[in-house]
Amino acid sequence: MGKIKIGIYDFTDCEGCQVKLVALKEKLLVLEKRVDIINWRLGQDNNSSGPFDISIIEGTPITKNEIDLLKELREKSKILIGLGSCATLGGIPGIMDKSEREKWYKKIYGENYKPRGIDALPLSAYVKIDFLIHGCPIDENELIRIIEDLLAGKKPKYRGYSVCFECKQANNPCLLLEGKPCLGPIIQGGCGAICIKGGSSCYGCFGLRKGAEVKNLIKVLEKNLSKEEIERHFSMFLNKVNKYE
Amino acid sequence: MNNEFIAKIEGHGNLTIDWKKNQVKLNIHEGERLFEGLLVGRTAEEMHWITPRICGVCPIAHNLASLAALEDALGIKINNTTVLLRNLMQCGQMIQSHVLHLFFLSLPDYLGIDRGTELFKKNPKAFKSALALKEVSDEIAEIIAGRSVHPTRTRIGGFHKIPTKISLKKLLDKLEETEKDAKKALELVSKINFPELKVKLQLAAQNDDKIIAVSSNNIEGRKESLIRDYKEVIEEEVRDYSTAKFGKYKGEEMLVGSLARLAVYKNYDEKYKIDFENPFYNNLAQAIEILIYHQKAQKIIKELLDSEMDKKVIEPSKNVSLRGIGATEAPRGGLYHEIVLNNNPSASSGQVITEANIITPTVQNLTSIEKSAQNLLEQTKNHSKKELERLLVMLVRAYDPCITCSVH
């Protein structure tokens, strides 16, 4: 049996999750011994167009070309993985509503510009995705855990606990108790509550966990925040999620 | 040339070549994320959270430019500890980005290998140095900014958390150890024979509150402009084959980034012979800068260790302009963020953004990439089309374009 053939693709995004891949350093060498990366535009010159055992896709398919390529990759890949919040949730580009794009194209590029972008949506808006590696950016340890599972032929599992749980383990003071916005209780764990540890809030880049008590969290948030403020906080990463999950 | 995207550059672009006219077009295909639009309606404190996501290779630069713009708008003068810590973040950012570009994207061209990891077989010592430099620069980002990609610890007026002196001391020890790696990397790159090319460009870099430009064929003649006039100095135009705008310095093709900084700051050891008219030398300039910022990082940490670190966050002034410009030298050159805030802050979430403008380094480099490519075709004789195509792609890579930044 030959080595597992992997393709790594990127659509519209910041490429920070691929930077995290390079940050695996020696571990990337170990990975290269076990698999055959036959397509990685950012990493290498010699690239093949498949078929792939596993395709890993970073970014949101925002242009028609990207949407077409995504559909093609679905056909050519046994397993399709989304890498990072742009791919799994629509990410930061998803803050922009489709109906607002026209106005901003005109303002930023002028009247005569022919836009390429259609709408910043998660991969799952167009094709079936087998697993989502969440995060903005992804967490290295989570990435290794999930790749290990995939290479062992196992179906990877999502963490069964929330960011809130990890945050308590990390002994961080609770933002909600301080009356500040935080999505920790409804967001899937795996990040180690790294943002809250740094002093920032949780905006939910790891996505909603199964059975999340969203309404109850909103009730808690409403004690200190206006509806508009709550909506804004949710829209950082989750603006396009409810519609497509 | 085929329509495939150029490999080993940050983002999606390709070249179309008109062989008869010796003309080269750099097509940019990256989708528009419309950052200047999506920032409107967000809170001030969210801006430096959002803008790093413009680019995962230089997120700290965007974080710092946004913070500077916001603090300008809110009349905040940050304390010395914050200045030093942010300068340290910038050092880490420069090394992170330059190492990634040199070893993983550009060096394979000169060494005749396909990918960065093949350096492991070809030159294991150099590969080890590259990894050590990547690691120590990621650590600078982690210890000061909270994470290697996309900061978590920074905030308007200072930091949510500042590092302990113990962690800074450890970082200093590690930097003292990896200085030999920075020197090795420079030695390796300084031995490269770069392809020949002669281009007349304006090399521009920020210096305090000024933008300084010099001509590539005469770096002694300095032209000064004020950063606050950045929109007049750097003109942007929209082209139908690109989702990124193309920038010029007062009507002339400009180059920003490592090569321009060395020409303007003249802060390098003159034993390295840099040809400022040849953009391929940007790769040597990056290797020189890895050492410069590596040494600067150590100096800053020593200063922090010798000082009483002040974690106080500075609050907005009473009379604020609500309009601010933040500029910083990103790895690829001068970065500009401009912001306007509304004047009725809510108690819990503060001011909201009403206007935003961002000019990235790669926008400023795109016009000169095309000019350099054209000059390369005119000046390189006796090469097959295939060889010329390879040289053109190498040239694009030597510029280290960040296409996701340029589109944003």
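What you are looking at is a predicted structure, and each value in this text was computed from that prediction instead of being measured. Numbering of residues starts from 1 in each chain and follows the order in which that chain's sequence is written. Going through the entries in the order they are written, you letter the chains from A and number the ligands from 1. For a predicted model such as this one, the threshold for reporting local features is a pLDDT of at least 70, and the threshold for listing and counting side-chain atom pairs is 80 or more; totals across whole chains, interfaces and linings nevertheless cover every residue.

A. Highlighting the overall build of chain B. Secondary structure elements follow DSSP: runs of H or I of four or more residues count as helices, runs of E of two or more count as strands, with numbering from the N terminus. A count of helices and strands for chain B gives 13 helices and 13 strands. Radius of gyration here is computed from C-alpha atoms only, and the compact-globule reference equals 2.2 Å multiplied by the residue count raised to the power 0.38. Here the C-alpha radius of gyration of chain B, 21 Å, is about what a compact globule of 408 residues would show, namely 22 Å. Three exposure classes are used. Buried residues have 20 or more other C-beta atoms within 10 Å of their own C-beta, exposed residues have 12 or fewer, and partly exposed residues fall in between, all C-beta atoms being placed from the backbone. The proportion of buried residues among the 408 residues of chain B is 57%. A separation of at least 24 residues holds for 73% of the contacts in chain B among residues at least 6 apart in sequence. Remark: residues whose backbone-derived C-beta atoms lie within 7 Å of one another are considered to be in contact.

B. Representation of the overall build of chain A. Scanning chain A from terminus to terminus reveals ten helices and five strands. Relative to a compact globule of 245 residues, whose C-alpha radius of gyration would be 18 Å, chain A shows 19 Å and is just as compact. When its C-alpha atoms are laid out on the principal axes, chain A stretches across 60 × 50 × 30 Å. Here chain A, with 245 residues, has 47% of them falling under the buried criterion. For chain A, contacts bridging at least 24 residues in sequence account for 77% of all contacts bridging at least 6.

C. Structural view of the sheet that holds strand β12 (residues 333–341) of chain B. Residue and element names in this part refer to chain B. Strands are labelled as partners when DSSP assigns at least two bridges between them. The strand order across the open sheet formed by three strands is β11-β12-β13, and the pairing between neighbours is antiparallel. With one partner strand each, in any of the chains shown, β11 (323–330) and β13 (353–359) form the two edges of the open sheet. Ignoring strand direction, the axes of neighbouring strands in this sheet form an average angle of 15°. Looking at chain direction, β11 and β12 are connected through eight bridges and run antiparallel. In this analysis, axes come from line fits to C-alpha atoms, helices being fitted only over the stretch in contact, and the angle between any two N-to-C directions falls in the range 0 to 180 degrees.

D. Here's a closer look at the nonpolar core. By size, the foremost hydrophobic cluster in this structure holds 192 residues, and its most contacted members are A:Ile57 and B:Leu203. No other element matches helix α4 (residues 80–111) of chain B, which puts 13 residues into this core. The domain boundaries here were taken from an automatic or database domain assignment. Mapped onto the domain boundaries, this core takes at least three residues apiece from domain 1 (4–151) and domain 2 (163–238) of chain A. Not counting residues up to four positions away in its chain, the partners in contact with B:Leu203 are B:Ala213, B:Val214, B:Ser216, B:Leu255, B:Leu259, B:Ala260, B:Ala263, B:Val264 and B:Phe276. Throughout this description, the term nonpolar core refers to a group of buried Ala, Val, Leu, Ile, Met, Phe, Trp, Tyr and Cys residues whose C-beta atoms join them within 7 Å.

E. Structural detail: the domain arrangement of chain A. Residue and element names in this part refer to chain A. Here chain A is described as being made up of domain 1 (4–151) and domain 2 (163–238). On a C-alpha basis, the centroid separation for the pair domain 1 and domain 2 is 25 Å. Counting from both sides, the interface comprises eleven residues of domain 1 and, opposite them, eleven residues of domain 2. With three residues, the top contributor of residues to the side of domain 1 that touches domain 2 is helix α4 (residues 85–89). Of the residues that constitute the side of domain 1 that touches domain 2, the class distribution is four nonpolar, five polar and two charged. Three classes are used, and their members are as follows: Ala, Val, Leu, Ile, Met, Phe, Trp, Tyr, Cys and Pro are nonpolar, Asp, Glu, Lys and Arg are charged, and the others, Gly among them, are polar.

F. Seen up close, the pairing of strand β6 (residues 210–215) of chain B. Residue and element names in this part refer to chain B. Here strand β5 (residues 202–207) runs beside β6; their pairing, made up of six bridges, is antiparallel. Bridging from a neighbouring strand, Ala204 pairs with Ala213 of β6. The turn linking β5 back onto β6 is made up of two residues, and Asp208 within it adopts a positive phi angle of 50°. For β6 and strand β7 (residues 218–226), the ladder comprises five bridges, and the chain directions are antiparallel.

G. How the structure looks around the confidence of the model for chain B. The pLDDT score gives, residue by residue, the confidence of the prediction method on a 0 to 100 scale. Mean pLDDT over chain B stands at 95; residues scoring 70 or higher make up 99%. Scoring of the predicted complex yields 0.97 for pTM and 0.96 for ipTM.

H. Local environment of the interface of chain A and chain B. In this complex, chain A contributes 53 residues to the contact, which on the side of chain B involves 48 residues. Listing elements by their share of the side of chain A that touches chain B, those giving two or more residues are α1 (16–22), α2 (26–34), α5 (98–109), α8 (194–198) and α10 (227–238) of chain A. With six residues, the single largest contributor to the side of chain A that touches chain B is α5(A). When its residues are assigned to classes, the side of chain A that touches chain B shows 24 nonpolar, 13 polar and 16 charged.

I. Region of the structure containing the environment of B:Leu201. All names here are of chain B. Secondary-structure assignment places Leu201 in the loop between α7 (165–190) and β5. Spatially, the C-alpha atom of Leu201 lies 36 Å from that of Thr82, the residues being 119 residues apart in sequence. Once you skip the residues sitting within four places of it in the chain, Leu201 turns out to touch Ser216, Glu253, Met254, Leu255 and Ser368.

J. The sheet that holds strand β2 (residues 35–40) of chain A, seen in detail. All names here are of chain A. Across the sheet, five strands lie side by side as β2-β1-β3-β4-β5; this open sheet has parallel pairing. Strands with a single pairing partner mark the edges of an open sheet, and in this sheet they are β2 and β5 (131–133). In this sheet, adjacent strand axes meet at a mean angle of 25° when their direction is disregarded. Where strand β4 (residues 77–83) lies against β5, three bridges are found, and the strand directions are parallel. Following the sheet pairing, Leu83 is matched in β5 by Ile133. Against the sheet, helix α3 (residues 64–76) touches β1 (4–10), β3 (52–58) and β4, its axis set at about 135° to β4.

K. Quick look at helix α3 (residues 59–73) of chain B. All names here are of chain B. Helix span is expected to be 1.5 Å times the residue number reduced by one. Here α3 spans 21 Å end to end across 15 residues, near enough to the 21 Å set by a 1.5 Å rise per residue. Along α3, 15 of the 15 residues are buried, which leaves the element largely enclosed by surrounding structure. Positive phi shows up at Gly75, right after α3, with a value of about 60°.

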